[in-house]
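# A closer look at the structure
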Amino acid sequence: MSELNEKLNEKEKIQLIFGDKRLDGRKFDELRNIKIEAGILKRADGSCYLEMGKNIVVAAVYGPREVHPRHLQDPSKAVIRYRYNMAPFSVEERKRPGPDRRSVEISKVSREALEAVIMKELFPRSGIDIFVEVLQADAGSRTACLNAASVALVDAGVPMKGMITSIAVAKADGVMVLDPMKEEDNYGEADIPFAFLIRGRKIESIALLQMDGRVTKDELKEAFRLAKKGAMEIYKLQKEAIMKKYVSESVENG
Amino acid sequence: MVEDILVDIKKDYVLSKLKEGERIDGRKFNEFRKIEIQTNIISKAEGSALVKLGNTQVIVGIKMQVGEPFPDTPDKGIIITNAELVPLASPTFEAGPPDEFSIELARVVDRGIRESEAVNLNKLCIEEGEKVWLIFIDIHALDDDGNLLDASSLAAISALLTTTVPAERFEVGDNYPLPVRDLPVSVTSLIVDDKFLVDPSRDEVSVGNRFLTITTDQDDNVVAMQKSGSYLLKEDRFFEILDVSISKARKIRERLKDI
């Protein structure tokens, strides 16, 4: 058993901040390693593979397509559905398959974030389904999923007002830190997931905001600063992933 | 969900009033409806409260049981929060398993109580690793005239404040009052264009589900937040809402001190 795991098994709080570094050596405003690849699934209209630290998620977009069951159709706009699902093997202790209360809530707020930016009025009576599978979770899986989902939506050619980029900030040992990993999430004092609409290389507005823990107003201000910085870095990687797929496609097609 | 057609008709009226800087019921933008709190209304429950927020009515009942602790917190009691949006409370509610709205409601109420550490869970251990108290917070909506969330949070903390741990019934010692040490208060705002209204009524919500809920503790720390509804929020608007939420929560908290 690694030293880290042993620490985690202790009941009491563990030290998360060491000088100006964190448990895994990152600076307070440093993201975990991120890897994004667009268009990795054949059947889906759009897809994305994303790693964020130890998180591994896959997003698929189907649609715009016919809505089933039919009575869910909306004559004025597309119906957006979002399913956040964790694989049973994605966490330390096996997760029972199927939606639990946490996934239902995450699916709801994530869908709402995307609904606010997808130009759904262009596709009346149709449905856009976004499925995100968490293959491995390590804090911040909802933000990883939203980042993958936005790339998958672009890959599917769904028109949006801009890109949705999501990132969490935590409070660990009294310090605000960007992109918390599992230990900072479990033993930290607060967790604040954000998603922003980024348009024209600028953060325009907040599409998702939740929080649990205990923070002051000033700490929230710092959280916004960190989250916006992190979001701009992720946004770049999202764009690169999309560009990469388009470039390789255009090369293949001559 | 069945469409609530009557409310839809009021949408234009709400918006036209807002343009004149007024709310349809004459309230100020940062004004709550009349709050009434009645406690100990269900004698079979360990604690209970009925909260009226204008015409919105919610009952919260607290039941307690002896159970096994979670492996990672062997010496702490457990809080379980549930919300039932029964069809009696609104023409748009349907019977059946909890939908995403009732799950979200229960989870946001739960977060406020849990994160403010309002209930001292350390004092709810009977036998470490074996027996702890389970606290069931059951939210039962009676009449949804808007802002069930704040009514439910208020009812939940009010009910907890009047809860007696039923130790005698479970033959584990003498009854004692549930140790409550903080008073989390949630404030929900409805965002309409460049304005926001606290404690939105059902008719006001007809303009669209665009909510931000901020729960604060007695030291003005933020302990829970939830942006709910598909809309985009500006950062400076967020901080305006935060200030109003903190000051409103302070006022509402005074009411809880009388319980």
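Residues numbered from 1 in each chain as written. Chains lettered and ligands numbered in written order. Predicted model: local features only at pLDDT ≥ 70, side-chain atom pairs only at ≥ 80, totals over all residues.

With that out of the way, let us pick up the overall build of chain B. Regarding its fold elements, chain B presents 5 helices and 12 strands. A compact globule built from 259 residues would reach a C-alpha radius of gyration of about 18 Å, and chain B, at 19 Å, matches this within 12%. For chain B, the spread of C-alpha atoms along the principal axes amounts to about 60 × 40 × 35 Å. Sequence-distant contacts in chain B: of pairs separated by 6 or more residues, those separated by 24 or more amount to 71%. (Helix = DSSP H or I, 4+ residues; strand = E, 2+ residues; numbered from the N terminus. Rg over C-alpha atoms; globule rule 2.2 N^0.38 Å. Contact = placed C-beta atoms within 7 Å.)

Looking now at the packing of helix α2 (residues 101–115) of chain A against helix α2 (residues 100–115) of chain B. Two numbers describe how α2 of chain A lies on α2 of chain B: the axes approach to 9 Å, and their chain directions differ by 105°. When the interaxial angle is binned, α2 of chain A and α2 of chain B end up roughly perpendicular. Taken together, the residues of α2 of chain B that come into contact with α2 of chain A (itself represented by Arg101, Val104, Glu105 and Lys108 of chain A) are Glu100, Ile103, Glu104 and Arg107 of chain B. Residue classes in the contact of α2 of chain A with α2 of chain B are distributed as 2 nonpolar, no polar and 6 charged. (Axes fitted to C-alpha atoms, helices over the stretch in contact; angles between N-to-C directions. Parallel < 35°, antiparallel > 145°, perpendicular 65-115°, else oblique. Nonpolar A, V, L, I, M, F, W, Y, C, P; charged D, E, K, R; others polar.)

So, on to the interface of chain B and chain A. With 23 residues of chain B at the contact, the number on the chain A side is 23 residues. In terms of residue class, the side of chain B that touches chain A is made up of 10 nonpolar, 4 polar and 9 charged.

Residue and element names in this part refer to chain A. Its 15 residues give helix α3 (residues 141–155) an end-to-end C-alpha distance of 21 Å, which sits within 8% of 21 Å, the value for a rise of 1.5 Å per residue. Burial analysis of α3 places 15 of its 15 residues in the buried class, the great majority of the element. Downstream of α3 by one or two residues, glycine 157 has phi in the positive range, about 80°. (Expected span 1.5 Å × (residues − 1). Buried ≥ 20, exposed ≤ 12 C-beta atoms within 10 Å, placed from the backbone.)

Right, let's get into helix α3 (residues 148–161) of chain B. Over its 14 residues, α3 of chain B extends 20 Å from the first C-alpha to the last, a length consistent with the 20 Å expected when each residue adds 1.5 Å. For α3 of chain B, the buried fraction is high: 14 of the 14 residues fall into the buried class.

This brings us to the sheet that holds strand β5 (residues 55–66) of chain A. Residues and elements named next belong to chain A. Spatially, the 5 strands line up as an open sheet ordered β3-β4-β5-β7-β6, and their pairing is mixed. With one partner strand each, in any of the chains shown, β3 (34–38) and β6 (79–86) form the two edges of the open sheet. Between one strand and the next, the sheet's axes are offset by a mean angle of 15°, whatever the strand orientation. With 9 bridges connecting them, β5 and strand β7 (residues 126–136) associate as antiparallel partners. Bridge pairing links glutamate 66 to serine 126 in β7. (Pairing = 2+ DSSP bridges.)

Turning to the nonpolar core, a few remarks are in order. Ranked by internal contacts, the top residues of the largest apolar core, which has 142 residues, are Ala59 and Ala148 of chain A together with Ala155 of chain B. If one sorts the elements of this core by residue count, α3 of chain B sits on top with 10 residues. Setting aside its immediate chain neighbours within four residues, alanine 148 of chain A contacts Cys48, Leu50, Val57, Val58, Ala59 and Val132 of chain A. (Core = buried A, V, L, I, M, F, W, Y, C linked by C-beta atoms within 7 Å.)

In this section: the sheet that holds strand β12 (residues 222–228) of chain B. What the 8 strands build is an open sheet, ordered β9(A)-β8(A)-β10(A)-β11(A)-β12(B)-β11(B)-β9(B)-β10(B); its pairing is antiparallel. The open sheet has two free edges, formed respectively by β9 (175–178) of chain A together with β10 (195–198) of chain B, since each of these has just one partner strand. On average, each strand axis in the sheet is tilted by 25° relative to the strand beside it, whichever way the strands run. Here strand β8 (residues 163–172) of chain A pairs with strand β10 (residues 190–199) of chain A via 9 bridges, running antiparallel.

Turning our attention to the confidence of the model for chain B. With 98% of its residues at a pLDDT of at least 70, chain B reaches an overall mean of 95. Reported for the predicted complex are a pTM of 0.93 and an ipTM of 0.91. (pLDDT = per-residue confidence, 0-100.)

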